[in-house]
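Inside the fold
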2 protein chains.
Amino acid sequence: MKTLLLKKDEVRRLIGMTEVIDAVEEAYKAFNSDQVEQPDYIGIDLPSPRGEIDFKLGYYKANEVISMKASSGGFLDNPTAHGVPNGMATIFLFDARSGALICVMDGSLILGLRTGASGAVSVKALARKDARKITSVGTGNQARMQIRAINEIMKIEELHAWDNNRDTLFKYKTDIESEYGIPVIMANSKKEAVEQADILITTTRGKGSLVEADWVKPGTHIVAIGTDQRGKQELDPELFRNAKLVVDSISQCTEKGETWHPLDRNIITRNDIHGEIGEVLLGWKPGRESDDEITIFDSTGMAIQDNTTASKIYQNAVANNVGTFFQFFE
Amino acid sequence: MKTLLLKKDEVRRLIGMTEVIDAVEEAYKAFNSDQVEQPDYIGIDLPSPRGEIDFKLGYYKANEVISMKASSGGFLDNPTAHGVPNGMATIFLFDARSGALICVMDGSLILGLRTGASGAVSVKALARKDARKITSVGTGNQARMQIRAINEIMKIEELHAWDNNRDTLFKYKTDIESEYGIPVIMANSKKEAVEQADILITTTRGKGSLVEADWVKPGTHIVAIGTDQRGKQELDPELFRNAKLVVDSISQCTEKGETWHPLDRNIITRNDIHGEIGEVLLGWKPGRESDDEITIFDSTGMAIQDNTTASKIYQNAVANNVGTFFQFFE
């Protein structure tokens, strides 16, 4: 019995974005096909300047893999005091046929990859087929990941980006243009950026409404990424009044996603949620039904996305003899 | 940033029973000193012939270590179908100052060691000082561990043992006599064995009352180990009517320990629980107060015991340069 150990650089080389998109699509379908168990996550909150460490468990019946992701975040002093990043992650994979620990892999890239892929999966299912212009509110790592993923599945003609900080915005423009050759227009205001969007992506992890409802033109698809905890918010709740709302998980999004805000304000009820994206991907519920409707995908992130992505990385590692085997017991 | 990997054989060599007893005593005291966070455990139950896999999280503020134990059990086909044991365990240690994964160790020995130690800690706190005769109802691995631990803290003059299966009983006698030089009397009945006890240990994981109340003589200390899940039972609930009941955790023992049974039968109320063992060890509540009282220690097992035990093993490994360092990221 040996356990495969995978370093961050090996994980990076073992999977491409198209495989992550496939893995996330599989995860969403599995979630709605009674193939998944995801108990509530558990964690420890530590006093500032430390952050939290969370443990998210997922079991995917089809591949018989149980995944546990340990992820930390918000440890402000880590780089200076401990020489490690503010957040780290490790994924542990268990063979559900025996309970054996089959793999320990660095997980610091996986959250970014699978979250980027979730936006692309929603674009395939919900954006207009003639969408060409993307607006990014947010210019951080996840704003880059979203473009990396969506660029795999459609032709992006131009990208309108906004950030309070012009230097950060300029860096985003330079990076995206050099990496993907997509022209990036640095918007002078959020409003100006949002008005251009066929697809609007929000990745700010903001704490208040950033996007006003009347800025969004008919036919826009919104990828709402930044809100995965109570207290975070990016969108004007009024946006939900006449939009088609698709979520990754109804239980999670009504509890702590962007969807919580319009529910809390009684702008929509739970019945106004069109469905979970797995239901759309499986063909059980329609996706976009007209060029005029505004669609919103609220993504909070699910353990099963880590499971299918990490499982694919593990399979690729075994197939390509990458990684280090370690025998914890005879 | 490197993670220490420890194999089962290394774990075995890195800690002795006296250190485990100290670690468990520290864990109990810490639990009652606001030094511990133990979220509810999470797990996945798999269909027979598979078992379950559980994840138990503990944070000990004094040593700033967060432990996660992944343990599986009840996979009946494992030895034949997968060449691995029916149950396995791994312990992951995180530095709570940074969130970094500092150690992954095989955990298959730790449950047995720390559970054995828990009985010894209770004997120190609650048994008569002149106790010399032990009765063991149960002759499995944990029945051996209890003797190994208690033998470290008192002189055992004779051991009365009972098991349905005479072959198993004889093997237990042979093993204990050769390892510890303690004479083992194979009892002809449970009653005969129990009547001899200064200290009675039950480790059967039984599903019904095994020990009748009127077999137990005044002054006996009972170490109730086997019941850690609803549905398991070893003691006649009537035993609790006039005994001093000490538990490891009131919330766990009232929920799923031996204590559940007399509560369920209204033989005792929650107020009749004398206290948690940490309170006794800290001197906040008295232990044994007379040579005549019957004391019962109900042990369900806590994540913090894994934490302090595994932390000691980790410290010993670092101090002695044992184990393999692995760098999951630069």
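Residues numbered from 1 in each chain as written. Chains lettered and ligands numbered in written order. Predicted model: local features only at pLDDT ≥ 70, side-chain atom pairs only at ≥ 80, totals over all residues. Heavy atoms only, no water.

Brief notes about the domain arrangement of chain A
Residue and element names in this part refer to chain A. Formally: Note that the domain bounds reflect an automated or database-derived domain assignment. Residues count as neighbours in contact if any of their non-hydrogen atoms are within 4.5 Å of one another. Buried area: the sum, over both parts, of the accessible surface (1.4 Å probe) that disappears when the two are put together. The term salt bridge refers to a pairing of a side-chain nitrogen on Lys or Arg with a carboxyl oxygen on Asp or Glu at a separation within 4 Å.
Domain parsing of chain A yields domain 1 (3-111 + 304-326) and domain 2 (112-302). Computed over C-alpha atoms only, the centres of domain 1 and domain 2 are separated by 24 Å. Contact residues are listed per partner, giving 22 residues for domain 1 and 27 residues for domain 2. Summed over both partners, the interface of domain 1 with domain 2 comes to about 2,200 Å²; 63% of that surface belongs to carbon and sulfur atoms. Here K124 ties to E25 by a salt bridge, and the two come within 3.0 Å at their closest N and O atoms.

Regarding the relation of the copies chain A and chain B
Basically, it comes down to this: Alignment of copies: least-squares fit on C-alpha atoms of residues with pLDDT of at least 70 in both copies.
Of the two same-sequence chains, chain A is brought onto chain B (RMSD 0.1 Å, axial shift 0.0 Å) by a rotation of 180 degrees. Both copies of the chain, as the preceding transformation shows, are related through a two-fold rotation axis. Taking C-alpha positions as reference, the residue of chain A nearest the rotation axis is I42 of chain A, located at 3.9 Å. Counting the interface residues of chain A, we find that 100% of their copies in chain B are interface residues as well, pointing to one common contact surface.

Topic: helix α2 (residues 17-31) of chain A
So the rule is basically this: Per the convention used, a helix needs a DSSP run of H or I reaching at least four residues, while a strand needs a run of E reaching at least two, with both numbered from the N terminus. Between the first and last residue of a helix there are one fewer steps than residues, each counted as 1.5 Å, and that sum is the expected span. Only protein chains enter the accessibility calculation, which uses a 1.4 Å probe; a residue whose area is less than 20% of its type maximum is buried, one above 50% is exposed, and one in between is partly exposed.
The end-to-end C-alpha distance of α2 of chain A is 21 Å, a good match for the 21 Å that 15 residues give at a rise of 1.5 Å each. Buried within α2 of chain A are the following residues: M17, V20, I21, A23, V24, E25, A27, Y28 and A30 of chain A.

Focus on the environment of Q327 of chain B
Here is the rule we go by: In protein, a polar contact means a hydrogen-donor-capable atom and an acceptor-capable atom, both N or O and within 3.5 Å, with residues adjacent in sequence counting only if both atoms are side-chain atoms; elsewhere, any N or O pair within 3.5 Å suffices.
For Q327 of chain B, the location among the structural elements is in the segment after β18 (324-326). With 324 residues separating them along the chain, Q327 of chain B and T3 of chain B place their C-alpha atoms 6.1 Å apart. Aside from chain neighbours lying at most four places away, what touches Q327 of chain B is K7 of chain A together with M1 and K2 of chain B. Of note is the side chain of Q327 of chain B, whose polar atom sits 3.3 Å from the backbone oxygen of F329 of chain B.

Things to note about the pairing of strand β8 (residues 133-137) of chain A
Residues and elements named next belong to chain A. Put simply, the test is: For two strands to count as paired, DSSP must find a minimum of two bridges between them. Seen with its strands pointing away from the viewer, a crossover is right-handed when the path leading from the first strand over the helix to the second is clockwise.
Extensive coverage of β8 is indicated by the burial of four of its five residues. Of the strand pairs in this sheet, β8 and strand β9 (residues 158-162) are connected by five bridges, and their pairing is parallel. Counted as the bridge partner of K133 is E158 from β9. For the crossover from β8 across helix α5 (residues 141-153) to β9, the handedness is right-handed. With four bridges joining them, β8 and strand β11 (residues 199-202) adopt parallel strand pairing. Across the sheet, the residue bridging to S136 is I201, located in β11.

Quick notes on the sheet that holds strand β16 (residues 273-276) of chain B
Residues and elements named next belong to chain B. Threshold: Every axis in this analysis is a line fitted to C-alpha atoms, fitted for helices over the stretch in contact. Angles between the N-to-C directions lie between 0 and 180 degrees.
Here we have eight strands laid out as an open sheet, ordered β10-β9-β8-β11-β13-β17-β15-β16, and parallel in their pairing. The open sheet is flanked by β10 (184-186) and β16, the only strands paired with a single partner. Between one strand axis and the next, the sheet turns through 20 degrees on average, direction left out of account. Lying over the sheet, helix α4 (residues 110-126) contacts β11 (199-202), β13 (221-224), β15 (244-247) and β17 (295-298), oriented at roughly 160 degrees with respect to β13.

Examining the interface of chain A and chain B
Between chain A and chain B, the contact holds 45 residues from the first and 45 residues from the second. Buried area between chain A and chain B, both sides added, is near 4,000 Å², and the carbon and sulfur share of it is 75%. Where chain A meets chain B, there are two salt bridges. One salt bridge connects E64 of chain A with R50 of chain B, and the closest N-O pair in it is separated by 3.0 Å. Counting across the chain A and chain B interface gives eight residue pairs in polar contact (both at pLDDT 80 or more). The set of elements that each furnish at least two residues to the side of chain A that touches chain B consists of β1 (3-6), β3 (42-45), β4 (52-60), β5 (65-73), α3 (78-82), β6 (89-95), β7 (100-106) and β18 (324-326) of chain A.

What about the packing of aromatic side chains?
Put simply, the test is: Centre distance within 6.5 Å is the pairing criterion for rings of Phe, Tyr and Trp, where only the six-membered ring of Trp is used; planes under 30 degrees apart are then read as stacked, over 60 as edge-to-face, and the remainder as tilted. For a lysine, the NZ atom is tested; for an arginine, the CZ atom; a charge sits over a ring if that atom is within 6 Å of the ring centre and within 35 degrees of the ring normal.
A complete count under the given rule lists seven aromatic pairs over all chains for this structure. For the pair F94 of chain A and F55 of chain B, a centre-to-centre distance of 5.4 Å together with 75 degrees between the ring planes defines the contact as edge-to-face. Of this pair, F94 of chain A sits in strand β6 while F55 of chain B sits in strand β4 (residues 52-60), on two different chains. One exposure class covers both F94 of chain A and F55 of chain B, and it is buried. When the centroid spacing of 4.8 Å and the interplanar angle of 65 degrees are considered together, the rings of F326 of chain A and F328 of chain A count as edge-to-face. Accessibility assignment for this pair places F326 of chain A and F328 of chain A in one class, buried. When the ring centre of Y41 of chain A is taken as reference, the NZ or CZ atom of K56 of chain A above it lies at 5.1 Å.

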